[in-house]
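# Observations on chain architecture
Each chain, letter by letter, is given below.
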Amino acid sequence: MRVALYARVSTTNGQHPEMQLNELREYASRRDWEVMEYVDEGVSGSKESRPALNRMMADAHRRRFDAILVWKIDRFGRSLKHLVTALADLDSYGVAFISLRDNLDLSTPSGRLMFQVIGAMAEFELSLTKERVKCGLVNARAQGKQLGRPRRVVDRDTILSMKAEGTSLRDIANKLGIGYGTVRTRLAQVS
């Protein structure tokens, strides 16, 4: 079996991925697995985009290995949303996910059950976030706060005169500090 080892340390100041990699290599060696290594150093786990992680996920998509082995699940990702999305992607590629220290192996029935629990928690977290946002918006409106982007007053006559002078729509938009689509919409209203 071909396995990708993924290790990550948040800082390069006194932290080294070798401790993680040594345990992962030993585990893979005992199972006679063929190993590829992906290591992110000095990158926070809260970032969804990490150089080695991105390469590994692209290689997973290409089926260059059969499983991903991490030392602990928090080395792979700290955001529940990111974790659930990445694990679902791996499942769709047919790539198993194994966390050594957490005793989590998504290629087994109990591991898949655990994944379902993780997914349910992510859905719960998302619904709580939506509820808090809605409450915040209601509260802001009740306090008389103006929500959204401030409206811009667009003088259609200025747009028409600039167009008549031969100015391009992009230049009109840039000079007036408005969007290209707004210029087109205002000109269409005249026709």
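Here we summarise the structure given alongside this text. (Residues numbered from 1 in each chain as written. Predicted model: local features only at pLDDT ≥ 70, side-chain atom pairs only at ≥ 80, totals over all residues. Heavy atoms only, no water.)

## Things to note about the side chain of D40
Tracing the chain through its elements places D40 in strand β2 (residues 34-41). It turns out D40 is buried and unbridged, and the closest side chain with the opposite charge, R50, is 4.8 Å from it. Within the structure, D40 has its side chain in polar contact with the backbone nitrogen of L53 (distance 3.1 Å). Residue contacts for D40: discarding those within four places in its chain leaves Y6, A7, R8, V9, R50, P51, A52 and L53. (Helix = DSSP H or I, 4+ residues; strand = E, 2+ residues; numbered from the N terminus. Buried < 20%, exposed > 50% of the residue type's maximum accessible area, 1.4 Å probe, protein only. Lys, Arg positive; Asp, Glu negative; His and termini not counted. Salt bridge = Lys/Arg side-chain N within 4 Å of Asp/Glu carboxyl O. Polar contact = N/O pair within 3.5 Å; in protein donor to acceptor, adjacent residues only side chain to side chain. Contact = heavy atoms within 4.5 Å.)

## Examining the packing of helix α7 (residues 169-176) against helix α8 (residues 180-190)
The contact between α7 and α8 brings their axes to 8 Å, and the two run at 110 degrees. The orientation of α7 with respect to α8, classified from their angle, is roughly perpendicular. α7 and α8 meet at a crossing whose hand is right-handed. Packed against α7, whose contacting residues are L169, R170, I172 and A173, the element α8 presents Y180, V183, R184 and L187 at the interface. (Axes fitted to C-alpha atoms, helices over the stretch in contact; angles between N-to-C directions. Parallel < 35°, antiparallel > 145°, perpendicular 65-115°, else oblique. Left-handed = near helix turned anticlockwise from the far one by under 90°.)

## Side note on the nonpolar core
If you look at the biggest cluster of nonpolar residues, it comprises 24 residues, and the most contacted ones within it are M56, I68, F76, L90 and F97. Where this core is concerned, the elements lending two or more residues are β1 (2-9), α2 (51-61), β3 (67-70), α3 (73-76), α4 (80-93) and α5 (109-142). Excluding anything up to four places from it in sequence, M56 contacts A4, Y6, Y38, F65, I68 and F76. (Core = buried A, V, L, I, M, F, W, Y, C linked by side-chain atoms within 4.5 Å.)

## Here's the deal with a nonpolar patch on the surface
Together, L113, M114, V117, M121, F124 and L128 make up an exposed nonpolar region whose accessible area comes to about 560 Å². Tracing the backbone shows M121 in helix α5. Under the relative-accessibility criterion, M121 is labelled partly exposed at 47%. (Patch = residues over 30% accessible without salt bridge, like charges linked within 9 Å, V, L, I, M, F, W, Y side chains within 5 Å. Areas by Shrake-Rupley, 256 points an atom, 1.4 Å probe, with all protein chains shown as cover.)

## Thoughts on the packing of aromatic side chains
Going through the model one piece at a time under the given rule, you end up with 4 aromatic pairs. Judged by centre distance (6.3 Å) and plane angle (85 degrees), the ring pair of Y6 and F76 falls under edge-to-face. Of the two residues, Y6 sits in strand β1 while F76 sits in helix α3, which places them 70 residues apart along the sequence. No difference in accessibility class separates Y6 from F76, as the two residues are buried. Ring geometry for Y27 and W33: centres 5.8 Å apart, planes at 70 degrees, overall edge-to-face. Residue classification places Y27 among the buried positions, given a relative accessible area of 17%. An aromatic cluster of three or more residues is present, and its members are Y6, F76 and F97. In this structure, R31 is placed above the aromatic ring of Y27, and the distance from its NZ or CZ to the ring centre is 3.6 Å. A cation over an aromatic ring shows up here: R170 above the ring of Y180, its NZ or CZ 4.1 Å from the ring centre. (Phe/Tyr/Trp six-rings, centres within 6.5 Å; stacked < 30°, edge-to-face > 60°. Lys NZ or Arg CZ within 6 Å of the ring centre and 35° of its normal.)

## Re the layout of surface pockets
Of the volumes computed, that of the largest pocket is approximately 220 Å³. In this structure, the largest pocket is lined by R149, P150, R151, R152, V154, G177, I178, G179, T182, T185 and R186. Considering only residue class, the lining of the largest pocket consists of 3 nonpolar, 4 polar and 4 charged. (1 Å grid on protein atoms, 1.4 Å probe; cavity = no way out; pocket = protein on both sides within 12 Å on 5 of 7 lines; lining within 4 Å. Points joined across faces, edges and corners; volume = space filled by probe spheres on them. Nonpolar A, V, L, I, M, F, W, Y, C, P; charged D, E, K, R; others polar.)

## Brief notes about unusual backbone geometry
Even without being glycine, R63 reaches a positive phi, approximately 60 degrees. Of note, R63 is situated in the loop between α2 and β3. R63 gets classed as partly exposed once you look at its relative accessible area, which sits at 34%. Here the phi dihedral of N103 falls at roughly 50 degrees; this positive angle occurs in a residue that is not glycine.

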